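Report on the structure
Residues per chain are reported as follows:
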Amino acid sequence: MEVGAEGFARRLPRLRRRILRATFVALDMEFTGLHSTSLQNNEPSLFDSPAERYVKARQSVQRFTLVQLGLAIFSKENSNKYVVHSYNFFLFPSTLGIRDVEFTLSASSVQFLSHYGLDYNKFLKDGIPYMNEVQEKILRQHLAAGSWKVCSTSNVDRDVLKKAIDEVTSWITAAEEEDTMILQDLNGYHVLEVQLVLRQALENVWTEPLGDKKVMVKKVSPEHRQLLENSSYDHCQKKLILLFARGFTNLFQILVKAKKPLVGHNMLMDLMHLHDKFYRPLPESYEEFKRNIHNLFPVIIDTKTVAKSVQKKCLFPRVSSLLEVYAALCSSNLNPKGPPCPVIALANGCSRYAEKKSPHEAGYDAFLCGSVLLMSAHLLLCKSTDDAVEADPSFLQYLTVLAEHVNKVNFIRGGVSSINFSGEDAPCCHPPALVVQVQGWPGLTERQIYQEFKAHCRFDVRRLSKNQFILLSNKYKQLVLRDYRHHPHLQVSVYRHWRHSPSVNCLLQISGIVALWSLLAFALGGAHSC
């Protein structure tokens, strides 16, 4: 089910009821970009610690925004069956407020999502507004002071507002008090926006929404207008304006209060955007970010870390993408003697996902995440015991067998395998490094070193000293050492900290100088005494 700004408020009560009844919720997001290329050294690297990676990712999250958020609500019924309500929410930053919102588009990301059928018109024209706590506080202050304004930046918005204002100003000059007119063909967002602009521009009009994309405009006296504004029936009360401007943030807060297990796949960037867009701007401190996320969502499960465990413990093919993991779990007979996996049934209105694959559509990927979790947990539960597993395992049993993965979010290409949101991260453990000593090749850069060695293996490169570079890879081929044994300019060896570290070398040099001076002083002192 696709949800935009027009129908969001109407569906919010039902969404709330479904989340409160849910067993768990799966989530996926699509962004306007991933890693900013305009920032130096912003690409993920094997040299990164979790804190260093967070600093890089934080800069990108602050530049890009959400296009689509997918939510799959899994509810357990009796007889080992889970029913899934899956939603695609198109999002767009709130334009109600004193400050406009800026974000960046990555050409490759736009092209990638367009290839998979994402409709950017829905993102731009019918995106659900949202804001974080800081933005909400600013809007509250401006609403209280009466200094707010509508930041309508698109030509479509401006055209709608201009047409409405022209119609009303032409009509009102000849109208009598209590006369009315109807504005038509307004979508959900414009219904509120047009009323706010007209009321702000004209003190002798009153407006009311009529439903069916219509707004009634009435000519009234300023005194009557003041009475109506203080009425409890005013559809443009400040609290309703705030409710509308907060948009999807209302649903985010329902998720936070419900405290249901939150499931995703490679979900670090998802969690960072959740924090930045709906809660608070991302803090500078990595540890503070972890604490905040754990307070918001005490139980997080990343199906990427779960899939790694399944691959180790079961005869499971090595696959990478979420869709490949799902397909492998569906097609393989990894548990022939145990009870069958739970039945996963898409609810009415979501059956399209049962009939057609829709990769990189947020609602579909959220559905895959939850399905992979259930199938993986069931498989691990059956493998964890020699005793017969009951035919209808509870979700609590699944959580128990997944305990080692709870709150462990996959860490892509780094010094640790996962980030621990409920405790300290494991110490960084890099794979064996190679050191390249350069001779007779002045001015060599990290980029040139990367180009030189990329045919052998995917290395990350970092300069160690003027003529030395470190190479890191998840695994390197011994062929590299062999092939460069007699290279005229590049000598490659396994990195040894005591031998290659500049700090150790510096310490050894200083120690040598001190020892030499001590020896010289001793010799001179001995000669003087003679």
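Our structure's up above, just so we're on the same page.
Structure report, in brief.

How each quantity is defined
- Residues numbered from 1 in each chain as written.
- Predicted model: local features only at pLDDT ≥ 70, side-chain atom pairs only at ≥ 80, totals over all residues.
- Heavy atoms only, no water.
- Helix = DSSP H or I, 4+ residues; strand = E, 2+ residues; numbered from the N terminus.
- Buried < 20%, exposed > 50% of the residue type's maximum accessible area, 1.4 Å probe, protein only.
- Polar contact = N/O pair within 3.5 Å; in protein donor to acceptor, adjacent residues only side chain to side chain.
- Contact = heavy atoms within 4.5 Å.
- Core = buried A, V, L, I, M, F, W, Y, C linked by side-chain atoms within 4.5 Å.
- Pairing = 2+ DSSP bridges.
- Axes fitted to C-alpha atoms, helices over the stretch in contact; angles between N-to-C directions.
- Phe/Tyr/Trp six-rings, centres within 6.5 Å; stacked < 30°, edge-to-face > 60°.
- Lys NZ or Arg CZ within 6 Å of the ring centre and 35° of its normal.

1. Quick word on the side chain of His265
- Structurally, His265 can be placed in the loop between strand S8 (262–264) and helix H11 (268–279).
- Overall, His265 belongs to the buried group, its relative accessible area being 12%.
- Of the polar contacts made by the side chain of His265, one reaches the side chain of Thr303; its length is 2.7 Å.
- Reaching out from His265, the side chain makes a polar contact with the backbone nitrogen of Lys304 at a distance of 3.5 Å.
- Excluding its chain neighbours within four sequence positions, the residues that come into contact with His265 are Asp270, Asp302, Thr303, Lys304, Ser320, Leu322 and Cys369.

2. Quick look at the nonpolar core
- Core analysis: the largest hydrophobic core is formed by 50 residues, its most contacted members being Leu69, Phe89, Phe248, Leu251 and Leu271.
- Elements with a contribution of two residues or more to this core: helix H1 (5–21), strand S2 (24–31), helix H2 (50–63), strand S3 (66–77), strand S4 (81–90), helix H10 (248–258), H11 and helix H12 (286–296).
- With sequence-adjacent residues up to four places away left out, Leu271 is seen in contact with Leu262, Phe289, Ile293, Ile300, Val409 and Phe421.

3. Points about H10
- Counting buried positions over the 11 residues of H10 gives nine, a clear majority of the element.
- Where H10 is concerned, the buried positions are Phe248, Thr249, Asn250, Leu251, Phe252, Ile254, Leu255, Val256 and Ala258.
- At the C-terminal side of H10, Lys259 shows a positive phi close to 55°.

4. Looking at the sheet that holds strand S6 (residues 205–211)
- The strand order across the open sheet built from three strands is S5-S7-S6, with neighbouring strands paired in antiparallel fashion. Whereas interior strands pair on both sides, the edge strands pair on one side only; in this sheet they are strand S5 (180–183) and S6. For this sheet, the mean inter-axis angle between neighbouring strands, taken without regard to orientation, is 25°.
- With six bridges joining them, S6 and strand S7 (residues 214–219) adopt antiparallel strand pairing. Each bridged residue has a counterpart across the sheet, and for Glu208 the counterpart in S7 is Met216.

5. Here we look at unusual backbone geometry
- A positive phi angle, close to 80°, is found at Glu178, a residue other than glycine.
- In this fold, Glu178 is placed in the loop between helix H6 (155–172) and S5.
- Residue Glu178 is classed as partly exposed on the basis of its relative accessible area, which comes to 42%.
- Located in the positive-phi region is Asn407, a residue other than glycine, with phi close to 65°.
- Here Asn407 is to be found in the loop between helix H17 (395–401) and strand S11 (408–410).

6. A few points about the packing of aromatic side chains
- Throughout the structure, instances matching the rule amount to 23 aromatic pairs.
- When the ring of Phe92 is compared with that of Phe103, the centres are 6.0 Å apart and the planes differ by 85°; the resulting orientation is edge-to-face. Here Phe92 is found in the loop between S4 and helix H3 (107–115), whereas its partner Phe103 is found in the loop between S4 and H3, with 11 residues between them in sequence.
- The buried category is assigned to Phe92, whose relative accessible area is 17%.
- The class for Phe103 is partly exposed, based on a relative accessible area of 27%.
- Between Tyr130 and Phe278, the aromatic rings sit 5.3 Å apart at their centres with planes inclined by 70°, giving edge-to-face as the arrangement. With Tyr130 in the loop between helix H4 (120–126) and helix H5 (133–145) and Phe278 in helix H11, the pair connects residues that are 148 residues apart, well separated along the chain. The exposure classification of Tyr130 matches that of Phe278, with both residues buried.
- Grouping aromatic residues by their ring pairs yields a cluster made of Phe8, Tyr87, Phe89, Tyr130, Phe248, Phe252, Phe278 and Phe297.
- Geometry around Trp206 places Arg199 over its ring, the cationic atom sitting 3.8 Å from the centre.

7. Quick notes on the sheet that holds strand S14 (residues 460–465)
- Reading across from one edge, S14-S15-S13-S16 is the order of the four strands in this open sheet, with antiparallel pairing throughout. Bordering the open sheet on either side are S14 and strand S16 (490–494), each of which pairs with just one other strand. The average undirected angle you get between the axes of adjacent strands in this sheet is 25°.
- By the bridge criterion, five bridges tie S14 to strand S15 (residues 468–472) in an arrangement that is antiparallel. Pairing of Arg463 across the sheet is with Phe469, part of S15.

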